[in-house]
Amino acid sequence: MEKRVMTDSKRRRGLMAASALLGGVLVLSACSGGNENPKGESDGGSTSQAKVDEAAAKKTSEAQIRITPKDGSDNASINSAATVTVTKGTLTEVAMKTTTGTVVPGQISADKKSWKPTGQLERATGYKIAATAKDSAGRAAHENASFTTVSPANSFIGNFTPEDGSTVGVGMPVSINFDKAITNKADVQKAITVSSSSGQEVVGHWFNANRLDFRPEQYWQGNSTVTLKLNLDGVEGASGVYGVQQKTVTFKIGRNQVSIVDAKTKTMKVTQDGKTVKTIPISAGAPENTTYEGQMVISEKFKETRMDGASVGFTKEDGKGEYDIKDVPHAMRLSTSGTFIHGNYWGAKSIFGSVNTSHGCVGLSDTKGANDPNTAGAWFFNNSMVGDVVVVQNTGDKTIAPDNGLNGWNMDWAAWKAGSSA
């Protein structure tokens with residue numbers, strides 16, 4: 001058998017091959033990980049990210065801010081839409097501005113849990129709110145929102161009488177005239193309440209799509225208090241048209257004054273709390289221009305006013321009014337169509353109590369300038385208030401329409417209640 005002798009060069013080549021093979025195994029082991037790291041290098045990265053997320057979460061505020069209305073809202077309420085509240089923290093700053101940069105004043109509550117504007121917002125206006133709160137650890141949270149309030153085209157309001165804080169007569173109804181036609185009458189009426197300290201039942205009656213009046217069966221009790229609550233904010237009055245009012249109104253009922261005009265005897269008997277306090281000679285409508293009959297409520301008072309016949313259909317051939325008196329004294333409106341009870345200085349004193357001469361109004365003796373307190377016209381003006389009742393009888397004319405002025409008392413109670421949508 002031949003004996004082979006390994007030379008130095010062969011020995012070196014063998015060691016290099018072994019080293020190369022071992023090196024390859026080592027490299028392979030380093031790249032694959034084998035069975036010693038079953039999760040692999042990529043999972044090791046996820047674990048690191050989770051630790052980063054956990055650390056970040058520990059730095060995030062727990063305070064949760066809520067702004068209403070939602071960001072991007074339109075048709076927002078002008079009364080109650082803008083509010084900021086926080087849970088798990090307290091508010092530190094709230095800034096509200098219009099989109100044009102006007103600052104909107106507001107106030108953070110005493111417990112620092114809420115904020116709201118101190119005044120009513122404007123319709124059809126864009127607003128921005130930026131709020132900051134801190135949690136118990138002092139970590140800050142921020143929230144922002146933008147919204148637009150309801151436009152006039154998409155909202156309605158009710159113009160009401162009488163005014164808040166006023167004192168009126170026993171015949172004064174609550175009369176609301178809406179600036180848009182109301183089709184959802186039931187929803188709107190349910191959002192309005194009228195109550196009296198007297199405990200009288202009060203019912204609403206729709207005269208048309210724009211007018212809703214409230215009254216009790218009989219006149220208000222004297223010296224009582226009436227409260228009107230308008231909770232119309234957000235109520236849909238017609239398709240896409242929403243209410244914007246949130247208001248409480250109170251007014252007082254004065255003494256009970258009812259005056260009875262008798263066109264036949266040409267006198268007016270003034271009663272207060274059921275007792276006659278004065279009898280005044282009058283001149284009602286002439287036979288060709290008789291005065292409406294019925295229960296009429298004084299809706300306006302003017303120390304002096306202009307009365308032009310053309311405005312109520314009394315014209316001459318040239319189109320001008322049959323009369324045009326620019327300083328009628330002590331005038332009090334009884335109807336929308338132009339019926340007044342007023343002073344008369346241009347007629348002879350002898351007509352009062354003896355003949356009916358007017359174009360349909362009730363005239364009382366008076367003087368030019370409305371400065372003589374001793375005239376019948378001045379006395380009645382000074383002793384009357386808006387809401388007092390004037391009952392006109394024996395004129396030969398028809399009863400005034402219930403919606404001609406504030407004269408719903410000329411409708412019986414059953415018919416009145418039939419006009420309610422509540």
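For the structure itself, look to the data block above.
Here the structure is a predicted model, which means the values were calculated and not measured. (Residues numbered from 1 in each chain as written. Predicted model: local features only at pLDDT ≥ 70, side-chain atom pairs only at ≥ 80, totals over all residues. Heavy atoms only, no water.)

Draft legend 1. A look at the sheet that holds strand β6 (residues 114-117). Strands sit in the order β1-β3-β6-β5 across an open sheet of four strands; the sheet is antiparallel. With one partner strand each, in any of the chains shown, β1 (64-68) and β5 (106-108) form the two edges of the open sheet. Looking at each pair of strands side by side, their axes are set apart by 10° on average, direction ignored. (Pairing = 2+ DSSP bridges. Helix = DSSP H or I, 4+ residues; strand = E, 2+ residues; numbered from the N terminus. Axes fitted to C-alpha atoms, helices over the stretch in contact; angles between N-to-C directions.)

Draft legend 2. Spatial organisation of the packing of aromatic side chains. Applying the stated criterion across every chain, the model contains six aromatic pairs. Considering the side-chain rings of Phe-156 and Phe-178, the 5.8 Å spacing of their centres and the 75° angle between planes classify their relative orientation as edge-to-face. Pair noted here: Phe-156 is in strand β9 (residues 155-156) and Phe-178 is in strand β12 (residues 174-178), with a separation of 22 residues, a long-range link. Given the relative accessible area of 0%, Phe-156 is considered buried. The class for Phe-178 is buried, based on a relative accessible area of 5%. Between Tyr-345 and Trp-346 the ring centres are 5.1 Å apart and the planes differ by 85°, which places this aromatic pair in the edge-to-face class. According to the relative accessible area criterion, Trp-346 is partly exposed, its value standing at 38%. Ring-pair connections join several aromatic residues into one group, and the members of that group are Phe-156, Phe-178 and Trp-206. Note that Arg-215 overlies the ring of Trp-416, its terminal NZ or CZ placed 4.5 Å from the centroid. (Phe/Tyr/Trp six-rings, centres within 6.5 Å; stacked < 30°, edge-to-face > 60°. Buried < 20%, exposed > 50% of the residue type's maximum accessible area, 1.4 Å probe, protein only. Lys NZ or Arg CZ within 6 Å of the ring centre and 35° of its normal.)

Draft legend 3. Representation of the nonpolar core within the structure. The biggest cluster of nonpolar side chains holds 33 residues, and the ones touching the most others in it are Phe-178, Val-188 and Ile-192. Of all the secondary-structure elements, those providing two or more residues to this core are β12, β13 (192-196), β14 (202-206), β15 (211-216), β16 (225-231), β19 (246-253) and β28 (389-393). Every residue in contact with Phe-178, bar those within four places of it in the chain, is listed here: Phe-156, Ile-157, Gly-158, Val-188, Ile-192, Trp-206, Asn-210, Leu-212 and Leu-232. Val-86, Val-104, Ile-129 and Ala-131 belong to the second largest nonpolar core, which has 24 residues in total. (Core = buried A, V, L, I, M, F, W, Y, C linked by side-chain atoms within 4.5 Å. Contact = heavy atoms within 4.5 Å.)

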